[in-house]
Amino acid sequence: MTYVLKRILSSVVSLFLVAAATFFLMNAIPGSPFMTEKSTPEQIARAEAKYGLDKPLPVQFKNYMVNLLKGDLGTSLKMQEGTEVSKIIFHQNKFNLSIKLGVRALIVAVLFGIPLGCLAAYNRGKWIDSILRVVTTLGVAIPGFVLATLLLIVFAVRLEWLPVISGSLAGWKDYVMPVIALSFYPGCYIAKLTRASMLDAINQDYIRTARAKGVKTPVILFKHALRVSLIPVITYLGPLTAGIITGGFVVETTFGVPGLGKYFISSIQNRDYPIIMGTTIVLAALVIVMNLVVDVAYKLVDPRISLTKGEA
Amino acid sequence: MRLFDTFTEADFEKATVEERASMTQKRAAVSYWKDAARRFKANHVSMVALFVVFLIIVFTFFGPLFIPYNYADQYRNSMKLAPMEYAENEQHIMKVLEEADAVYASSLQPGSMTSVKKGDYCFKVSGKWYGFTAPKRLRDAVLVFSKNNPGVLLALDEDDIEAHGLTKGTEIELQSLSGAAQGTRLNFITRLTPHYFGTDSSGRDLMARCMYGGRVSLIIGVTASLIVLVIGSVYGSISGLLGGRVDFIMMRIVDIIYSVPDVLIVLLLQVVLQTPLQNWFDTSKSAFVKALGSLGVGIVSIFITFALLYWVGMSRIIRGQVLQLKKQEYVTAAYALGVPTKRIIRRHLLPNCVGQLVVATCLQIPSAIFLESFLSFLGLGVSAPMASLGSLCSDALDTIRIYPYRLLFPAILLTILVLSLNLVGDGLRDALDPRLKK
């Protein structure tokens, strides 16, 4: 249990560091968020005083962190003046949309990646393996935005099968392209990973023993080999979450989905401090928690690693 | 089998030098690197990928020498051209060349019409100088050097062509000049180059931009990887070598940075660094900073991002390797023999890490190019007139429905580049890892 506690502690430290880094970086952007062509220095000063931006930075930071612990992410300065950030993120469907897309992409990536990886390993050296290798190698080399745009041109503009703007993801048609674009890279990566670790596992002694005992090949593959080969895939789920968030920025921009990723980028451009902070913290927390869960799950799943020792 | 009694005296004579030489098999010692090179060469996929990378390097670095267009120039007559199209005035010139039986017809420089004022001009064709005096101002003219009438230069004004077709223009007497040229020099361009990849909305040549963008992307990839290599390997090897509490603390720092979602910080950094970097470039007098400044704020902040966040993966790899090597018997033996640490590092640890370092650095290059293109796509990173493959793709998106080929070329180049770099990296890993030896 000490390992889990340690991991939780270091996750909290990570999150704190992200919050601190974001806060000070954001404030390092020269000028005031209230600066426009028309505003006078007095107006700026008044606006800054209203939101507590006139206080010294460390004090601002302390206030923010105290509020954060109470679950208060502050209120928007500009983009939706006066609205609470937590409301913007959670109640205006932004977080929802991004999560809906992200979870679907994650499921698709895993559901396609693992079986295809097994298939390639099972048919090692045959044409199906070659085809899969070409596809997956290409898949991890095509930038997400290129794939997204290609899909958009072919299926929405030329063939007109799917809507150009997915908007707020009303029907299944809205999901098709964003989910494909978002899950293609991780799916290919998982397939490669599964194939490699499957082949690794097949060469182990216990597989040979099972074969010698006359166990049928599919049983060996799916019962004996797959279990071990899934461990690298599980460890990849942490980076995968981060990757899907990153990909989300691109996909949401390309397909016009008003999700959190798109909003985050415009909040940086608009210098709406509380929104930048809030979004960063929510997304960072998501990734960090995912990493934590994966790490703990990984140790639980693999009996070769003992939890009591901590460092493996 | 011969029995003992059949041996003769001669059988017990010493072997001669030649006989001895013929018995020993001598093979040149195969060093680690030679062995790796052999294995790499046997890997066809990686060899092809390496060749493709080489081609792309030639294309991006030496390609600009072979096309008359510049990545930043906006050619007035060449806006919104499709691939393989010639500039407007050049289409004109080609017509003239066909119909008017001319040897040379040209404008002054690619993409601009010749505006000839009244006065003296000279030009050089096939090593000989010719001169003429323009009787009037000729606006947007095509100058035709006729085959039938070698002594006369035909100046086809736009009005002329409209009124008389391509045969009748203002005829100007040509003079053969010997020695020094007099008057304003005209450069006759005798070979017309189409815009192979077309042009963008401001008349910039896309092929020149792809070459330039590819170069920028490659430079970013290589430099960022070198930064990661230096920081990551130094950090990782210190951590691995010292071990104990130092290692523990250093690795906790790595863990924390590792779990930070990098892209969020990268995006912020890009925005934050803009102004301070620009100020630094503008005020500093050192040549190094000036050189950095010429790269532009976007690229330098990408480097900084890599220096801050991306070295952790590399440091983990190197630490692992050092830890493993440290426990090897020969290292213990070296310690026992009293070999100084410095020498152990130089003789045993470093050479055994080089393979891993090369592989990790090589695989870092495509991921750096990826990150840059991602940032450029979101409108950060490099800005016009500079270009990278990512920014070219992102520029193309605005007009994607009308001019899809504008995305196609940089996107294909980017994909092929990343793909072949990945394959080269994979091949290197297979070649340099002795454990995979068959």
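Nothing here was measured: the structure is a model prediction, and the numbers come from that model.

Here's the deal with the pattern of salt bridges
Residue and element names in this part refer to chain B.
- For the coordinates displayed, the defined rule picks out nine salt bridges over all chains.
- For Arg319, the salt bridge is made with Asp247, and the minimal N-O distance between the two is 2.7 Å. Placement of the pair is Arg319 in helix H11 (residues 311-326) and Asp247 in helix H7 (residues 244-259), with a sequence separation of 72 residues.
- By relative accessible area, Arg319 is classed as partly exposed at 21%.

What to know about the interface of chain B and chain A
- Of the residues lining the interface, 34 residues belong to chain B; the matching set on chain A comes to 42 residues.
- Across the interface of chain B and chain A, roughly 3,300 Å² is buried in total on both sides, 83% from carbon and sulfur atoms.
- For the chain B face of the interface with chain A, the top three residues by lost area are B:Leu264, B:Leu268 and B:Phe377, together amounting to 18%.
- On the surface where chain B and chain A come into contact, there are zero salt bridges.
- The interface formed by chain B and chain A contains zero residue pairs in polar contact (both at pLDDT 80 or more).
- Only H7, helix H8 (262-283), helix H13 (341-377), helix H14 (389-397) and helix H15 (405-432) of chain B provide two or more residues apiece to the side of chain B that touches chain A.
- Here the side of chain B that touches chain A takes ten residues from H8(B), the largest share from any one element.
- Looking at side-chain class alone, the side of chain B that touches chain A contains 26 nonpolar, six polar and two charged residues.

Some details on the confidence of the model for chain A
- Overall, the predicted model of chain A reaches an average pLDDT of 80, with 91% of residues at or above 70.
- Long-range and interchain partners of residues 307-312 of chain A, a stretch whose pLDDT sits below 50, account for nine contacts in this model, where long-range means more than four residues apart.

Comments concerning a positive patch on the surface
- On the surface, B:Lys342, B:Arg343, B:Arg346 and B:Arg347 cluster together into a patch of positive charge.
- Along the chain, B:Arg346 falls in helix H13.

Details of the nonpolar core
- Ranked by size, the top nonpolar core spans 164 residues in total, and within it A:Phe249, A:Phe255, B:Leu267, B:Phe306, B:Phe374 and B:Leu375 carry the most contacts.
- Sorting elements by how many residues they give to this core places helix H10 (residues 217-255) of chain A first, with 15 residues.
- Excluding anything up to four places from it in sequence, B:Leu375 contacts B:Val266, B:Leu267, B:Gln270, B:Ile302, B:Leu380 and B:Gly381.
- Membership of the second largest hydrophobic core comes to eleven residues, among which are B:Tyr121, B:Phe132, B:Ala134 and B:Leu153.

Overview of the state of the cysteines
- For the structure on display, the rule yields zero disulfides over all chains.
- Here B:Cys362 stays free of any disulfide, with the sulfur of B:Cys353 as its closest cysteine sulfur at 17 Å.

The rules behind the values
Residues numbered from 1 in each chain as written. Chains lettered and ligands numbered in written order. Predicted model: local features only at pLDDT ≥ 70, side-chain atom pairs only at ≥ 80, totals over all residues. Heavy atoms only, no water. Salt bridge = Lys/Arg side-chain N within 4 Å of Asp/Glu carboxyl O. Helix = DSSP H or I, 4+ residues; strand = E, 2+ residues; numbered from the N terminus. Buried < 20%, exposed > 50% of the residue type's maximum accessible area, 1.4 Å probe, protein only. Contact = heavy atoms within 4.5 Å. Buried area = accessible area lost by both parts, 1.4 Å probe. Polar contact = N/O pair within 3.5 Å; in protein donor to acceptor, adjacent residues only side chain to side chain. Nonpolar A, V, L, I, M, F, W, Y, C, P; charged D, E, K, R; others polar. pLDDT = per-residue confidence, 0-100. Patch = residues over 30% accessible without salt bridge, like charges linked within 9 Å, V, L, I, M, F, W, Y side chains within 5 Å. Areas by Shrake-Rupley, 256 points an atom, 1.4 Å probe, with all protein chains shown as cover. Lys, Arg positive; Asp, Glu negative; His and termini not counted. Charge placed at Lys NZ, Arg CZ, Asp CG, Glu CD. Core = buried A, V, L, I, M, F, W, Y, C linked by side-chain atoms within 4.5 Å. Disulfide = S-S within 2.5 Å.

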